Amino acid sequence: MRPIHPKSAKSFSRAAKLLLVGILAAMELAACRRTEPAAEQQGSDLLNLSSTSIQNGRFPAEFTCDGADHSPALAWKAPPSGTQSLAILLYDRDTPGNGFVHWVLFNLPPEMRSLPEGFQQPAENRSGTQLGVNDFGRIGYGGPCPPTGTHHYIFKVFALENRLSLPAGATRAQLDQAIQGHVLARGTLTAAYSH
């Protein structure tokens, strides 16, 4: 076996260290990156979710814990043929894990194209839409209330090929599981908020 020259060994050692540093950095970045559940990545982003309540990509205080804390208006395009129900999710992407959940709605009728402000009010919930539980431990909407700094909140609407057999008060984890394999299309809207 041919011996390794000391200079070659030193440069090999330096290259190995650089490679190791690069691998560790990539692993740390991957650990910090939050991946969405597979169910939320399904379907084309065709529904063009929008809101007249969100201004310049930011939540006005009235839709947060610093104000009236009622839900903003939302609107979306017609879902694809075969859609049997819609579901909506709002979460804070800047918290650990899958994010802090602020709103879960499901079994909205497929003909719906919008929600008015404050939709969780019982008088307006005659469409068969069911409300899930948020991470505040309450049914319905709980607005942004970040502990520090600016947080980013993700609204998602899903067009589903079925109605969900989930109970009222279902969690985001239950929704994620129930929509797996049933998403025909989706829409996404991001809004920021800081105290």
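So, a few notes on the structure that sits alongside this text. (Residues numbered from 1 in each chain as written. Predicted model: local features only at pLDDT ≥ 70, side-chain atom pairs only at ≥ 80, totals over all residues. Heavy atoms only, no water.)

## A few points about unusual backbone geometry
In this structure, Asn-48 is a non-glycine residue whose phi angle is positive, near 50°. By the secondary structure assignment, Asn-48 is in the loop between β1 (44-45) and β2 (74-75). The backbone phi angle of Asp-69 is positive, close to 60°, even though this residue is not glycine. Along the chain, Asp-69 falls in the loop between β1 and β2. (Helix = DSSP H or I, 4+ residues; strand = E, 2+ residues; numbered from the N terminus.)

## What to know about the side chain of Thr-95
Position of Thr-95 among the secondary structure elements: in the loop between β3 (85-92) and β4 (100-108). Note on Thr-95: relative accessible area 15%, which makes it buried. Within the structure, Thr-95 has its side chain in polar contact with the backbone nitrogen of Phe-100 (distance 2.7 Å). (Buried < 20%, exposed > 50% of the residue type's maximum accessible area, 1.4 Å probe, protein only. Polar contact = N/O pair within 3.5 Å; in protein donor to acceptor, adjacent residues only side chain to side chain.)

## A word on the packing of aromatic side chains
Taken as a whole and judged by the stated rule, the model has four aromatic pairs. Both rings, one in Phe-100 and one in Phe-136, keep their centres 4.9 Å apart while their planes meet at 65°; by these two values the pair is edge-to-face. Of the two residues, Phe-100 is situated in strand β4 and Phe-136 in the loop between β6 (130-131) and β7 (151-160); the sequence distance between them amounts to 36 residues. Pairing Trp-103 with Tyr-141 gives two aromatic rings, centres 5.2 Å apart and planes at 85°, and the pair type is edge-to-face. With Trp-103 in strand β4 and Tyr-141 in the loop between β6 and β7, the pair connects residues that are 38 residues apart, well separated along the chain. Judged by its relative accessible area of 2%, Tyr-141 falls in the buried class. Members of the aromatic cluster, joined through ring pairs, are Phe-59, Tyr-153 and Phe-155. The residue whose ring lies beneath Arg-172 is Tyr-91, and the NZ or CZ to ring-centre distance is 4.4 Å. (Phe/Tyr/Trp six-rings, centres within 6.5 Å; stacked < 30°, edge-to-face > 60°. Lys NZ or Arg CZ within 6 Å of the ring centre and 35° of its normal.)

## Quick look at the nonpolar core
Grouped together as the largest cluster of nonpolar side chains are 26 residues, with contacts concentrated most on Phe-59, Trp-76, Ile-88, Trp-103, Leu-115 and Phe-155. Formed by 15 residues, the second largest nonpolar core is a distinct cluster that contains Tyr-91, Val-101, Leu-166 and Leu-175. (Core = buried A, V, L, I, M, F, W, Y, C linked by side-chain atoms within 4.5 Å.)

## Here's the deal with the pairing of β7
Of all ten residues in β7, nine are buried, a share of seventy percent or more. Two strands pair when backbone bridges link them, and β3 and β7 are joined in this way by eight bridges, in the antiparallel orientation. The residue of β7 that forms the bridge with Asp-92 is Tyr-153. Pairing geometry for β7 and strand β8 (residues 183-193), over ten bridges, is antiparallel. By the bridge assignment, Phe-158 is partnered in β8 with Arg-186. (Pairing = 2+ DSSP bridges.)

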